[in-house]
Amino acid sequence: MNIEKETKERLLNYGIKPSLHRMAIMDYLIKYKTHPTVDTIYNDLSPSIPTLSKTTVYNTLKILTDQGAILSLNIDEKNVRYDGDISNHGHFRCKICDNVYDFTPEEVFALNIKSHGDFQVTECHVYYKGYCKACNGKISL
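Keep in mind that what you see is a predicted model, and the values were worked out from it rather than measured. (Residues numbered from 1 in each chain as written. Predicted model: local features only at pLDDT ≥ 70, side-chain atom pairs only at ≥ 80, totals over all residues. Heavy atoms only, no water.)

Undergrad: Could you clarify how one ought to interpret the sheet that holds strand 4 (residues 100-103) in this entry?
TA: Strand pairing within a sheet occurs via backbone hydrogen bonds; the two strands may be parallel or antiparallel. Pairing in this open sheet of three strands is mixed, and the strands run 4-3-5 from one edge to the other. What marks the edges here is a single partner per strand, and that holds for strand 4 and strand 5 (127-130). In this sheet, adjacent strand axes meet at a mean angle of 25 degrees when their direction is disregarded. Bridging between strand 3 (residues 90-94) and strand 5 involves four bridges; their strand directions are parallel. Pairing of F92 across the sheet is with Y128, part of strand 5. (Pairing = 2+ DSSP bridges. Helix = DSSP H or I, 4+ residues; strand = E, 2+ residues; numbered from the N terminus. Axes fitted to C-alpha atoms, helices over the stretch in contact; angles between N-to-C directions.)

Below you can see the structure in the form of structure tokens.
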């Protein structure tokens with residue numbers, strides 16, 4: 001399936017009316033797995049979409065998050081990050097380079113709380129912080 005069709009279908013499946021800005025932001029989040037901030041999205045898209053404002057990016061991300069089409073990550077103390085991958089997975093943020101990486105459910109969810117009778121889990125956020133492989137050699141303990 002081409003990315004434009006996937007983007008439009010994702011928006012429609014979550015009850016979001018496709019517009020130029022919504023399509024561009026959703027498309028960006030599907031294509032780039034970098035867990036971008038509002039500023040990153042705005043800076044990357046605004047040269048090709050002159051009518052895009054930072055307010056539009058904020059508002060669009062809120063709609064996409066509220067409707068469940070994307071994830072909002074509070075892994076970074078300074079900025080909210082966004083993830084187009086809404087499957088169950090965890091995240092790791094490097095304290096030096098600030099990159100955010102995905103972890104598979106098998107790597108993260110060793111505790112199967114969903115099978116515990118006292119809870120009904122509807123979502124789970126797992127965040128790890130530390131040093132990525134590239135930055136690990138840069139730290140002095």
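Undergrad: Just checking my understanding: could you explain the nonpolar core for this structure?
TA: The nonpolar side chains of soluble globular proteins are, as a tendency, buried together. Ranked by internal contacts, the top residues of the largest apolar core, which has 20 residues, are I25, I41, L45, L61 and L64. In terms of residues, this core owes the most to one element, helix 2 (residues 20-31), which gives seven residues. Contact partners of I41, with chain neighbours within four places excluded, come to I25, Y28, L29, P36, V57 and L61. (Core = buried A, V, L, I, M, F, W, Y, C linked by side-chain atoms within 4.5 Å. Buried < 20%, exposed > 50% of the residue type's maximum accessible area, 1.4 Å probe, protein only. Contact = heavy atoms within 4.5 Å.)

Undergrad: Sorry if this is basic, but what is going on with the pattern of salt bridges here?
TA: Think of it this way: side chains of opposite charge can pair up when their charged atoms draw near. Applying the stated rule across the entire model yields eight salt bridges. Residue D66 is joined to K62 by a salt bridge in which the shortest nitrogen-to-oxygen separation is 2.7 Å. Here D66 and its partner K62 are both found in helix 4 (residues 54-66), four residues apart, which amounts to about one turn of the helix. With respect to burial, D66 and K62 carry one shared label: exposed. Within this structure, D76, E77, R81, R93, D98 and K129 form a network of salt bridges that share partners. (Salt bridge = Lys/Arg side-chain N within 4 Å of Asp/Glu carboxyl O.)

Undergrad: What is the right way to read the packing of helix 3 (residues 38-45) against helix 4 from this model?
TA: Two quantities define a packed helix pair, namely the angle between the axes and the distance from one axis to the other. Closest axis-to-axis distance for the helix 3/helix 4 pair is 10 Å, and the angle between their directions is 125 degrees. Taken together, the axis directions place helix 3 and helix 4 in an arrangement best described as oblique. As for how helix 3 packs across helix 4, the hand of that crossing is right-handed. The segment helix 3 lies against helix 4, with V38, D39, I41 and Y42 engaging K54, V57, Y58 and L61. Here the contact of helix 3 with helix 4 is built from residues that sort into six nonpolar, no polar and two charged. (Parallel < 35°, antiparallel > 145°, perpendicular 65-115°, else oblique. Left-handed = near helix turned anticlockwise from the far one by under 90°. Nonpolar A, V, L, I, M, F, W, Y, C, P; charged D, E, K, R; others polar.)

Undergrad: Could you clarify how one ought to interpret the packing of aromatic side chains in this entry?
TA: Geometrically, a pair of aromatic rings is defined through the distance of the ring centres and the angle of the planes. Under the defined criterion, the tally for this structure stands at four aromatic pairs. A ring pair is formed by Y28 and Y32, whose centres lie 4.8 Å apart and whose planes are at 45 degrees; its orientation type is tilted. Pairwise contacts between aromatic rings join F92, Y101, F103 and Y128 into one cluster. (Phe/Tyr/Trp six-rings, centres within 6.5 Å; stacked < 30°, edge-to-face > 60°.)

Undergrad: Teacher, can you tell me more about the side chain of H21 here?
TA: Inspection of the secondary structure assignment puts H21 in helix 2. Here H21 falls in the buried class, since its relative accessible area comes to 18%. Here the side chain of H21 touches T51 through a polar contact of 3.1 Å, side chain to side chain. Sequence-distant contacts of H21, that is, excluding residues within four places in its chain, are made with I49, T51, L52 and T56. (Polar contact = N/O pair within 3.5 Å; in protein donor to acceptor, adjacent residues only side chain to side chain.)

Undergrad: Which parts of the structure should I look at to understand unusual backbone geometry?
TA: When glycine is set aside, most residues are seen to have a negative phi, and most peptide bonds are trans. For H35, which is not glycine, the phi torsion reads 55 degrees and is therefore positive. Position of H35 among the secondary structure elements: in the loop between helix 2 and helix 3. One non-glycine residue with positive phi stands out, namely D98, at about 70 degrees. Structurally, D98 can be placed in the loop between strand 3 and strand 4. The partly exposed category is assigned to D98, whose relative accessible area is 22%.

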